[in-house]
Amino acid sequence: MSESVARRLVDTRVVVETPEGVDFRFRIAGPGQRLWAWSIDSLIKVGALAILWVVLLLVGAFGGESGVQAMAGVATIGVFVSNWFYGSLFEGLMNGQTPGKRLAGLRVLRSNGTPIDLLTATGRNFLRVADALPVGYTVGLITMLLTSRLQRLGDLFFDTMVVSEQRSPAGRAAGLTKNIEPLLRSECPRKFSVPERTLAIIERLFDPERIMSEGRREEIAKPLSEALRSRLGWSEPWKTDGNQYEFFQKQGYKHTQFLLRVLKTFAVDAGPGGQR
């Protein structure tokens, strides 16, 4: 096997370029990581069904024959919903994550790096039936081994991929947030957290390898900055002290400056001399 082919087979990184010219790097989740997430989800489903069964037994004990029949019907519905809609609902409503995927640090995205919707989540999960054929998830494993993004049939049909959100801080530019002031908890009355994927996107936006004017970076940063301001509940204070000229000068790049403050607050700068 040639070196180039071997490298292509073992390299699970993928680069997605946006129309704005900013590329984002993702690490594709392997079968072992996905099996771990699936195992966690399976335990959650079994636990939920066990609790449901205990409740139904208690109800059925006082309901006579009609209560037993109702108990059997509800139990059947519970098994059906957990098997067919557990992954669909969680991935569609939790931005591509089930509880198991969240604990394992995984997320389902479209192949272009954008979030999936409920319809896409439902479709890829319903096709698990085909992936499980004939036994032991054989079709799904074969399909994953034959695709560069480790996609099973459900992923191929609905153009999705499962990525790992475990980031390595070694790739961050040294001193990127060195002289940036962090956000204070008192400034953010809503959620005081930012998803790992969002931090990775901010890092890529400021990647020195990307040749981009400050104005263009500010334009791209604006929608992400506004979304994060809403998530955190942060509103820009009116500066009444210090250099007023300098304050107004920075207003032209307020969105890029805010993203750097987010990066300073919620991610550790791994570069030499970097600070939290």
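Predicted, not measured: the structure shown is a model, and the values here were computed from it. (Residues numbered from 1 in each chain as written. Predicted model: local features only at pLDDT ≥ 70, side-chain atom pairs only at ≥ 80, totals over all residues. Heavy atoms only, no water.)

### Topic: the pairing of strand E4 (residues 160–164)
Right, on to step 1. Summarising burial for E4: 5 of the 5 residues are buried, a large majority.
Right, on to step 2. Side-chain alternation along E4 places Thr160, Val162 and Ser164 on one buried face and Met161 and Val163 on a second face that is also buried.
Right, on to step 3. Judged from the 5 bridges that link them, strand E3 (residues 106–110) and E4 form a sheet pairing that is antiparallel. Paired with Leu106 across the two strands is Ser164, which belongs to E4. (Buried < 20%, exposed > 50% of the residue type's maximum accessible area, 1.4 Å probe, protein only. Helix = DSSP H or I, 4+ residues; strand = E, 2+ residues; numbered from the N terminus. Pairing = 2+ DSSP bridges.)

### Notes on the nonpolar core
Right, on to step 1. Counting residues in hydrophobic clusters, the biggest one holds 21 residues, and the most contacted among them are Leu183, Leu232, Phe258, Leu259 and Val262.
Right, on to step 2. The greatest single-element share of this core, amounting to 6 residues, is contributed by helix H12 (residues 254–266).
Right, on to step 3. Apart from the residues lying within four places of it in its own chain, the contact partners of Val262 are Leu183, Val194, Leu199, Ile202, Leu228, Leu232 and Ala267. (Core = buried A, V, L, I, M, F, W, Y, C linked by side-chain atoms within 4.5 Å. Contact = heavy atoms within 4.5 Å.)

### Here we look at the packing of helix H10 (residues 214–232) against H12
Right, on to step 1. Two elements in contact, H10 and H12, have axes whose closest approach is 7 Å; the angle formed by their N-to-C orientations is 55 degrees. With respect to their mutual orientation, H10 and H12 come out oblique. In the crossing of H10 with H12, the sense of the turn from one axis to the other is left-handed. Residues Arg217, Glu218, Ala221, Lys222, Leu224, Ser225, Glu226, Leu228, Arg229 and Leu232 of H10 touch H12, and the partners they reach there are Lys254, His255, Thr256, Phe258, Leu259, Val262 and Phe266. (Axes fitted to C-alpha atoms, helices over the stretch in contact; angles between N-to-C directions. Parallel < 35°, antiparallel > 145°, perpendicular 65-115°, else oblique. Left-handed = near helix turned anticlockwise from the far one by under 90°.)

### Points about a nonpolar patch on the surface
Right, on to step 1. Together, Ile77, Phe80, Val81, Trp84, Phe126 and Val129 line one region of the surface with nonpolar side chains, adding up to about 520 Å² of accessible area.
Right, on to step 2. For the nonpolar patch, the element with the most residues is helix H3 (residues 64–93), which contributes 4 residues.
Right, on to step 3. Relative to the helices and strands, Val81 is located in helix H3.
Right, on to step 4. Judged by relative accessible area, Val81 falls into the partly exposed class, the value being 37%. (Patch = residues over 30% accessible without salt bridge, like charges linked within 9 Å, V, L, I, M, F, W, Y side chains within 5 Å. Areas by Shrake-Rupley, 256 points an atom, 1.4 Å probe, with all protein chains shown as cover. Salt bridge = Lys/Arg side-chain N within 4 Å of Asp/Glu carboxyl O.)

### Observations concerning the environment of Gly87
Right, on to step 1. In this fold, Gly87 is placed in helix H3.
Right, on to step 2. For Gly87, a relative accessible area of 12% translates into the label buried.
Right, on to step 3. For the pair Gly87 and Phe126, spaced 39 residues apart in the sequence, the C-alpha separation amounts to 9.1 Å.
Right, on to step 4. If near-sequence neighbours (up to four positions away) are discounted, Gly87 is found in contact with Thr98 and Asn125.

### With respect to the pattern of salt bridges
Right, on to step 1. Enumeration over the complete set of coordinates arrives at 9 salt bridges.
Right, on to step 2. For the salt bridge of Arg124 with Asp155, the shortest nitrogen-to-oxygen distance reads 2.7 Å. Taken together, the residues span a long stretch of sequence, with Arg124 in helix H5 (residues 118–126) and Asp155 in helix H8 (residues 153–158) at a distance of 31 residues. Each member of the pair, Arg124 as well as Asp155, is classed as buried.
Right, on to step 3. Look at the salt bridges and you will find they share partners, linking Arg34, Glu91, Lys101, Arg124 and Asp155 into a network.

### What about the side chain of Thr143?
Right, on to step 1. Looking at the element boundaries, Thr143 is found in helix H7 (residues 138–146).
Right, on to step 2. Residues in contact with Thr143, not counting those within four places in the same chain, are Gln151, Arg152, Leu153 and Leu156.

### Section: the confidence of the model for the chain
Note: predicted coordinates in regions of low pLDDT should not be interpreted at a detailed level.
Right, on to step 1. Scored by pLDDT, the chain comes out at a mean of 78, with 76% of its residues at no less than 70.
Right, on to step 2. Scored below 50 in pLDDT, residues 244–249 shows 6 contacts in the model against residues more than four places distant or in partner chains. (pLDDT = per-residue confidence, 0-100.)

### Comments concerning the environment of Glu218
Right, on to step 1. Position of Glu218 relative to the elements: it lies in helix H10.
Right, on to step 2. When the C-alpha atoms of Glu218 and Thr256 are compared, they prove to be 5.5 Å apart, with 38 residues separating the residues in sequence.

### Quick word on the environment of Thr198
Right, on to step 1. Relative to the elements of secondary structure, Thr198 occurs in helix H9 (residues 196–205).
Right, on to step 2. Residue Thr198 is classed as buried on the basis of its relative accessible area, which comes to 14%.
Right, on to step 3. On a C-alpha basis, the gap between Thr198 and Glu165 in space is 10.0 Å, while along the polypeptide they are 33 residues apart.
Right, on to step 4. When sequence neighbours within four positions are dropped, the list of residues in contact with Thr198 reads Leu224 and Leu228.

### Some details on unusual backbone geometry
Right, on to step 1. With omega at -15 degrees, the peptide bond leading from Leu133 into Pro134 counts as cis.
Right, on to step 2. Topologically, Pro134 is positioned in the loop between helix H6 (128–131) and H7.
Right, on to step 3. Look at Leu150: it is not a glycine, yet its phi comes out positive at around 50 degrees.
Right, on to step 4. Of note, Leu150 is situated in the loop between H7 and H8.
Right, on to step 5. Positioned with a positive phi, Asp159 is a non-glycine residue whose angle comes to about 55 degrees.

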